[in-house]
Amino acid sequence: MAFRTGISRRMMIRSGFGLRSMSSWWGSVEPAAKDPILGVTEAFLADPSPDKVNVGVGAYRDDNGKPVVLECVREAERRIAGRLNMEYLPMGGSVNMVEETLKLAYGENSEFIKDKRIAAVQALSGTGACRLFADFQKRFRPDSQIYIPVPTWANHHNIWRDAQVPQRTFHYYHPETKGLDFASLMDDVKNAPNGSFFLLHACAHNPTGVDPSEEQWKEISYQFKVKGHFAFFDMAYQGFASGDPERDAKSIKIFLEDGHLIGIAQSYAKNMGLYGQRVGCLSLLCEDEKQAVAVKSQLQQIARPMYSNPPVHGALIVSTILGDPELKKLWLKEVKVMADRIIGMRTALRENLEKLGSPLSWEHITNQIGMFCYSGLTPEQVDRMTNEFHIYMTRNGRISMAGITTGNVTYLANAIHEVTKSA
Amino acid sequence: MDPNHMISASATSGSDFGGSVFAHVVQAPEDPILGVTVAYNKDPSPVKLNLGVGAYRTEEGKPLVLNVVRRAEQLLVNDRSRVKEYLPIVGLAEFNKLSAKLMFGADSPAIQERRVTTVQCLSGTGSLRVGAEFLARHHHQRTIYIPQPTWGNHGKIFTLAGLSVKTYRYYDPATRGLNFQGLLEDLSLAPSGAIVLLHACAHNPTGVDPTLQQWEQIRQLIRSKGLLPFFDSAYQGFASGSLDADAQSVRMFVADGGECLAAQSYAKNMGLYGERVGALSIVCKTADVASRVESQVKLVIRPMFSNPPIHGASIVAIILKNRDMYNEWTVELKAMADRIISMRQQLFDALRARGTPGDWSHIIKQIGMFTFTGLNTAQVAFMTKEYHVYMTSDGRISMAGLSSKTVPHLADAIHAAVTRAI
């Protein structure tokens, strides 16, 4: 019996077997609040003003305000296109990519890599790496909590909340000095119960740009040893902060030298400009190879019901670049160009503000490091920046330095001066 | 700092300084499906056969990148204006629109009325997980019914998403077909609002699909009981060779004006496996509900991976929106489906030629990438040991892994297993 396709709705309803009721299952679903960071770019795009400036999202722009695809990436893609196949990666991702990525974080000749003591899997950029870790922490240390710095990237809170790991905070940013509140930070480390889990930004803290000094990192590491705390590093800006990847991983090196068994989330979104490709890595340093194998197998168990295996394209770009000495050299050069441009913009912004005769101190602009500057602007001042000057940033006063160019730095300085001169 | 400071080992931390906080973690068992390939790779025999993972292989036993996909990739590489910026949380807008049209039909009233929200996710797995997380947070009934048997990863996905998993009868070992009565009985007993996982076509692992008449009955039952259908569509176009025919089950449900979810994967039908391209669609009663639902789905995605990978979705969008490329795709897709159908026929003929005991007609009646042979675990183990044939222990074989050259070897193995193994 042929069955007619294209059954009409009216026929369904008349047959009496159509709709049980006219109401939706989700009639009571509330509209969710917009993401505070991504919402800024949406508003910017909608603004018709020719003067508008976007210093919201942390994505690199060149001096013309354009997104950049690194030459080393273009070359890698040329080599990858037309390759043999698009087969599934293993659950833990590309082995080559992970190996190269570990070298960046743990050192080119790391004994831990040689001894196979690191459990590592490819992850969906930094977000995915943090989420895998948070889920793993929940499963295997269900009584633990995570100590998160104040402030931090807003999504950190979402990640550990969705993983159902309770959160605590620790002091970090000092609004008065626009620097690190080191004394309070150390107090919090000492007062936390022994064996607590801490989230640390390896370099270029987001959103403040405030990093501990090398000496301060050493003290933090020592106190962590005393307390038996677990250090989880989110490293999203290696190479991007100082221009030198080895230097940017100094905090991690200190902890490793002190014997800590750490965890690291790494991202290639910014330092290789691979944002939308979602390439990253989660690693956990274990006592021995056997433990690393066990931990990796469990990380895979978390990945399998989330996405089965990670995307191959971005991983291939990374392993192509890092596996070829010439391409790797090119990459390091291009990373330094990006970092230097940002450092240059920091200097320019500060100089402009000082030239305008601002009554406030703007030292912090050049003291801070990485993509972001915590300007110290209040939410009300930020609103004025947007409403009067069409300058878009998040309401915590965070400015993405990558959005500043030689073309708009003067305009930006003027606007900041306007809204703060009577502060 | 006092260098002689004594380091206290705390009982509460569970680990002395120097010890790992994860020292108690034990090794997880191999994934049963992916573990098959691991074992296959270790086997040194020159005549080994991998019928484990459902990834398409050519007659030569090689993976296949579709010509149209290569063309799309070249277009992407050669376009210097392309950047690698973050996609929005919901993914590539063009991809989402085109995927919805592919799934529900270009003229679907639900799409025209803007009642469908579609978000890009990480292939089928990711779409199922995001959909399930949304339901666990916003649907009043947190139970999902999955068919017995089903893809091994389904249960884990739903459990981790926060749903409680029950099963409904599906496969009948006696007939090697659908246990339709059992299915209807079990779904009749489901509480109102319960979620029902349905394989849109080419059921994995059995290859047994309801007829259209049976689908209509299932639809009536689900709607009258107020159950919520969640389709897993991983093989659209791959099962029969026709994209529209393979979407009939889903479109039937959407046509009655009711709500449903659909997880779409491009892994098999576009050969984009490792690129992880898929889409989750939620069909709602009204456009307003769809918009609110989308905003909540974004809250699931942001703390999971922030935004989806751009590459694979860009390839799909190019192909779907370009008429010539779309047509070329349908031709290549049909060729893959036809080759599999031909393998089914060849295997069936080979077993008949050997006089292998039993009724093997299910091989040609079942549809899609897999055949549920009906072989038991002992027979499977025998085939692996004696004939180096690798498959999952439930007797599922991936027809895509067969070729005209290897069919005789498999037929020999099955024949031996059935006549000699206990």
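Preceding this paragraph is the structure being described.
Keep in mind that this is a model prediction, so the values were computed, not measured. (Residues numbered from 1 in each chain as written. Chains lettered and ligands numbered in written order. Predicted model: local features only at pLDDT ≥ 70, side-chain atom pairs only at ≥ 80, totals over all residues. Heavy atoms only, no water.)

So, about the overall build of chain B. When helices and strands are counted, chain B shows 15 helices and 13 strands. Relative to the compact-globule value of 22 Å for 422 residues, chain B shows a C-alpha radius of gyration of 24 Å, a close match. Seen through its C-alpha atoms, chain B measures out along the principal axes to roughly 75 × 70 × 55 Å. Here the analysis covers contacts within chain B between residues at least 6 apart in sequence; of these, 77% occur between residues at least 24 apart. Put simply, chain B shows about 15,400 Å² of open surface, and 54% of that area lies on carbon and sulfur atoms. Placing the 42 positive and 36 negative side-chain charges of chain B at their respective mean positions leaves the two points 1 Å apart. (Helix = DSSP H or I, 4+ residues; strand = E, 2+ residues; numbered from the N terminus. Rg over C-alpha atoms; globule rule 2.2 N^0.38 Å. Contact = heavy atoms within 4.5 Å. Areas by Shrake-Rupley, 256 points an atom, 1.4 Å probe, with all protein chains shown as cover. Lys, Arg positive; Asp, Glu negative; His and termini not counted. Charge placed at Lys NZ, Arg CZ, Asp CG, Glu CD.)

With that settled, consider the sheet that holds strand β8 (residues 228-233) of chain B. Residues and elements named next belong to chain B. Strand order in this open sheet of seven strands is β2-β10-β9-β8-β7-β3-β4, and the pairing throughout is mixed. With partners counted over all chains shown, the strands left at the sheet margins are β2 (116-121) and β4 (164-169), one partner each. Across the sheet, the mean angle from the axis of one strand to that of its neighbour is 25°, orientation sign disregarded. Across six bridges, the pairing between strand β3 (residues 143-148) and β4 is parallel. Residue pairing in the sheet places Ile146 in a bridge with Thr167 of β4. Helix α5 (residues 123-138) rests against β2, β7 (195-199), β8, β9 (260-265) and β10 (278-283) of the sheet, and its axis sits at about 155° to β9. (Pairing = 2+ DSSP bridges. Axes fitted to C-alpha atoms, helices over the stretch in contact; angles between N-to-C directions.)

For the rest of this paragraph, the subject is the side chain of Thr371 of chain B. All names here are of chain B. By the element assignment, Thr371 lies in strand β11 (residues 370-372). A polar atom in the side chain of Thr371 sits 2.7 Å from the side chain of Arg344. Excluding anything up to four places from it in sequence, Thr371 contacts Pro205, Arg344, Ile363, Gln366, Gly395, Arg396, Ile397 and Met399. (Polar contact = N/O pair within 3.5 Å; in protein donor to acceptor, adjacent residues only side chain to side chain.)

Turning to the state of the cysteines, a few remarks are in order. Residues and elements named next belong to chain A. Within this structure, the stated rule accounts for zero disulfides over all chains. Lacking any disulfide linkage, Cys72 is separated from the closest cysteine sulfur, that of Cys203, by 18 Å. With relative accessibility at 0%, the residue Cys72 sits in the buried group. Of all cysteine sulfurs, the one in Cys281 lies closest to Cys130, which takes part in no disulfide; the gap is 12 Å. For Cys130, a relative accessible area of 0% puts it in the buried group. (Disulfide = S-S within 2.5 Å. Buried < 20%, exposed > 50% of the residue type's maximum accessible area, 1.4 Å probe, protein only.)

Okay, unusual backbone geometry next. Here the amide bond leading from Val150 of chain A into Pro151 of chain A is cis, since omega sits at 0°, within 30 degrees of zero. Considering the arrangement of structural elements, one finds Pro151 of chain A in the loop between β3 (146-150) and α7 (154-162). Between Gln148 of chain B and Pro149 of chain B the backbone carries a cis peptide bond, its omega angle lying at 0°. Along the chain, the position of Pro149 of chain B falls in the loop between β3 and α6 (152-161). For Ser125 of chain A, which is not glycine, the phi dihedral falls at a positive 60°. Mapping Ser125 of chain A onto the fold places it in helix α6 (residues 125-140). Judged by its relative accessible area of 3%, Ser125 of chain A is buried. Residue Ala204 of chain A is not a glycine yet carries a positive backbone phi of 50°. On the secondary structure map, Ala204 of chain A appears in the loop between β7 (197-201) and α9 (214-227).

Now for α5 of chain B. The end-to-end C-alpha distance of α5 of chain B is 23 Å, a good match for the 22 Å that 16 residues give at a rise of 1.5 Å each. Counting buried positions along α5 of chain B yields 14 of 16 residues, so the element is predominantly enclosed. (Expected span 1.5 Å × (residues − 1).)

The next thing to look at is the interface of chain A and chain B. Between chain A and chain B, the contact holds 97 residues from the first and 108 residues from the second. Summed over both sides, the interface of chain A with chain B buries roughly 9,000 Å², with 58% coming from carbon and sulfur. The largest share of the area that chain A buries against chain B comes from Trp25, Trp26 and Met86 of chain A, three residues that together contribute 10% of it. Our count for the chain A to chain B interface comes out at five salt bridges. Where Glu71 of chain A meets Arg80 of chain B, a salt bridge forms, and the shortest distance between an N and an O atom there is 2.9 Å. Taken together, chain A and chain B are joined by 30 residue pairs in polar contact (both at pLDDT 80 or more). (Buried area = accessible area lost by both parts, 1.4 Å probe. Salt bridge = Lys/Arg side-chain N within 4 Å of Asp/Glu carboxyl O.)

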